[in-house]
Amino acid sequence: MAVTEKNNTTLSALMAASLALPALGGAAQAAEPATDVSASYHFSHYHENSVPSSKLARGGSERYTVKTHQVDLKAPFLFTDSDIELALQHETMSGASPWYIEPDLNGKPVVVMSGATSSQSKRLINEERNSIQSKLNLYRGPHRLSLTSGYSKEKDYRSIQAGLEVAKEFNQGMTTLEAGAGFTNNTLNPTDAKKYQRKSRYHNHETSLYGGLTQILNRHSLLQLSVNYSQENGFLSDPYKFVYLGTKLAPDSRPERRRKFALLSRYRYYIEPLDAAVHVDYRFFRDSWGIHSNTLKLAWHQTLSHGWKITPSIRYYDQSQADFYLPFSYIGPPSNLYSSDYRLSPFGSISGGLRIDKTFGGWQFALMYEYYRSGARYSLNHVDVEDPALVDFQVLSASINYSFGQ
Amino acid sequence: MKAIITILLGTLLLSACTTVEPWERGILARDDMALDFDASMSGLQQQVYISKEAASGSAGLGGGGCGCN
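Quick caveat: nothing in here was measured; it's all calculated off a predicted structure.

(A) Up close: the overall build of chain B. Of the regular secondary structure elements, chain B holds 2 helices and 0 strands. Looking at chain B as a whole, 45% of its 69 residues qualify as buried. With the model as given, the accessible surface of chain B reaches about 3100 Å², and the carbon-plus-sulfur share is 63%.

What follows is the structure in structure tokens.
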């Protein structure tokens, strides 16, 4: 009898412990609905370093600064076993961006920034963007169904997005399969369209599909593998960029279709003696424009005493150039497709970040800093000509989160 | 590079996929073991990378687009 009572007590304790466990976090687990309302505010200050004088042909050397405010809300929804997430974002953007590349007297590429001439002064960007994103999650046993939607508006750009995600747990919750599909429709209304040899309105749209598998490996580690495929159609050129073709400047001209494929893996491992978690994220990417890329991010989440936590991280990125990337040409383009956009050039980048978290009661504060450097010297492959517009930037972010149930 | 990654992933997958009972998942349920430790911050970071790099794609559906310069 005593043995039976002890067994029952142990079983009850185990069951209580398992029920008390919070749902596994992350996008790919079916998880459980939120039971409490939580709200958070995020602020981010993004600042690009000035263009070095040795790489600048004309225009101001100051580049882009973006300030982002975001408010998130998550709460149980009307139905049982459901919750809703809302994200409201407001951004202000100011500064100048690369306009085109031209050769200097020695044939070395130098960048001409927007606002380089008085007639282009309006290209000194000073605008704002507002967006709203929502996600409704419905849970039924090992299944989760999510409906996503989003709307983003700038003076010259509007984006509408909708998506559907499903997830199911298998193997006693050890394995989760997830799949999703999304559609985004974008409208561009270029400012000073005639001056930039553009129409007043363009459209493009993107269809995305993804699938993922998350596997618990043991008590201390889990792994997620996922694939992502998307296709963009429509006007995909940058309406404000030109290419220097010797005797003339030609508007940026890209294919009207782009197929993108990404393979991602995310690994989490907890080191019990150190009370620390290691995160390893890797992504392989390639697209129909001839670009292939590798991204590796490592983060060390170190828990300290009294609710403090510190997280150093490092990220490496590498990409090859698009087939039609052309910094400049003296004699004219080899085809009717060409772009001097530095984002389509071959380069690598490395960034380091540090995040500090403090938690007490239902409050959580976070402060994060990241410094990003890019260039041909970081590339995995040999780069003949480094694009002079490649950017270095830093981001300072802060957030405050409150959970009303704690 | 691809071979190293394949070997790494294969090793991880093959390394003892032991059964973990629900009451043994306390560590896996920690905040710092989440696949998206801070989804909002991660989203803001992704927004920056997407506007400065050619590659994109994350585990899940991305947000709406932007006319990023």
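Next, the rest of the story.
(B) Examining the sheet that holds strand S14 (residues 249-251) of chain A more closely. Residue and element names in this part refer to chain A. Strands sit in the order S14-S13-S19 across an open sheet of 3 strands; the sheet is mixed. Because the sheet does not close on itself, it has two edges, and the strands there are S14 and strand S19 (328-329). With 2 bridges joining them, strand S13 (residues 242-245) and S19 adopt parallel strand pairing. Opposite Leu 245, over in S19, you have Ser 329 as the bridge partner.

(C) Fine view of the confidence of the model for chain A. For chain A, the mean per-residue pLDDT works out to 89, and 90% of the residues sit at or above 70. Throughout residues 1-28 of chain A the model reports pLDDT below 50, and contacts reaching past four residues in sequence, or to other chains, amount to 30 contacts.

(D) Structural view of the side chain of Thr 187 of chain A. Residues and elements named next belong to chain A. For Thr 187, the location among the structural elements is in strand S10 (residues 175-188). Using a relative accessible area of 3% as the deciding quantity, one classes Thr 187 as buried. Engagement of the side chain of Thr 187 in a polar contact is seen with the side chain of His 203, the distance being 3.3 Å.

(E) Examining the sheet that holds strand S5 (residues 98-103) of chain A more closely. Residues and elements named next belong to chain A. Strand order in the open sheet formed by 3 strands is S2-S6-S5, and the pairing between neighbours is mixed. Taken across any chain shown, the strands that pair with only one partner, and hence form the sheet edges, are strand S2 (56-58) and S5. Within the sheet, the average angular offset between the axes of one strand and its neighbour, ignoring direction, is 40 degrees. Looking at chain direction, S5 and strand S6 (residues 109-113) are connected through 5 bridges and run antiparallel. Considered in S6, the bridge of Tyr 100 is made with Val 112.

(F) Highlighting helix H2 (residues 39-52) of chain B. The first and last C-alpha atoms of H2 of chain B sit 20 Å apart over 14 residues, in line with the 20 Å expected at 1.5 Å per residue. Regarding H2 of chain B, the residues found buried are Ser 40, Met 41, Leu 44, Gln 45, Val 48, Tyr 49, Ser 51 and Lys 52 of chain B.

(G) The arrangement of the packing of aromatic side chains in detail. Applying the stated criterion across every chain yields a total of 14 aromatic pairs over all chains. Taken together, a centroid distance of 6.2 Å and an interplanar angle of 5 degrees make the contact between Trp 363 of chain A and Phe 365 of chain A stacked. Of the residues examined, Trp 363 of chain A reaches a relative accessible area of 35% and is grouped as partly exposed. Taken together, Phe 360, Trp 363, Phe 365, Tyr 402 and Phe 404 of chain A form an aromatic cluster joined through their ring pairs. Above the plane of the ring of Tyr 342 of chain A lies Arg 63 of chain A, whose end atom (NZ or CZ) is 5.3 Å from the centre. Lying over the aromatic face of Tyr 49 of chain B, Arg 315 of chain A brings its terminal NZ or CZ to 3.6 Å of the ring centre.

Definitions and cut-offs
Starting afresh in each chain, residues are numbered from 1 along the sequence in its written order. All chains are assigned letters beginning at A, and all ligands numbers beginning at 1, according to the order in which they are written. Per-residue local features of the predicted model are confined to residues with pLDDT of at least 70, and side-chain atom pairs are confined, for both listing and counting, to 80 or more; whole-chain, interface and lining totals are unaffected and use all residues. Side-chain metrics rest on all non-hydrogen atoms present in the structure, leaving aside hydrogens and water. Numbered from the N terminus, helices here are DSSP runs of H or I no shorter than four residues, and strands are runs of E no shorter than two. Burial classification: accessible surface area is computed with a 1.4 Å probe over protein chains only, and a residue below 20% of its type maximum counts as buried, one above 50% as exposed, and the rest as partly exposed. With residues, only the protein chains shown are counted as cover, and all accessible areas are computed by Shrake-Rupley using a 1.4 Å probe. Strand pairing requires that DSSP identify at least two bridges connecting the strands. The score called pLDDT rates the predictor's confidence residue by residue, from a low of 0 to a high of 100. We call two residues in contact whenever any of their non-hydrogen atoms come within 4.5 Å of each other. The term polar contact refers here to a pair of N or O atoms within 3.5 Å; inside protein, the definition further demands a hydrogen-donor-capable atom paired with an acceptor-capable atom, and it admits residues adjacent in sequence only when both atoms are side-chain atoms. To obtain each axis, a line is fitted to C-alpha atoms, and for helices this fit is confined to the stretch in contact; angles are then taken between N-to-C directions over 0 to 180 degrees. Helix span, as expected, comes to 1.5 Å for every residue beyond the first. The criterion for an aromatic pair is that two Phe, Tyr or Trp rings (for Trp, the six-membered ring) have centres within 6.5 Å, with stacked assigned to planes under 30 degrees apart, edge-to-face to planes over 60 apart and tilted to the rest. Each ring is checked for a lysine NZ or an arginine CZ that lies within 6 Å of its centre and within 35 degrees of its normal; such an atom marks a charge sitting over the ring.

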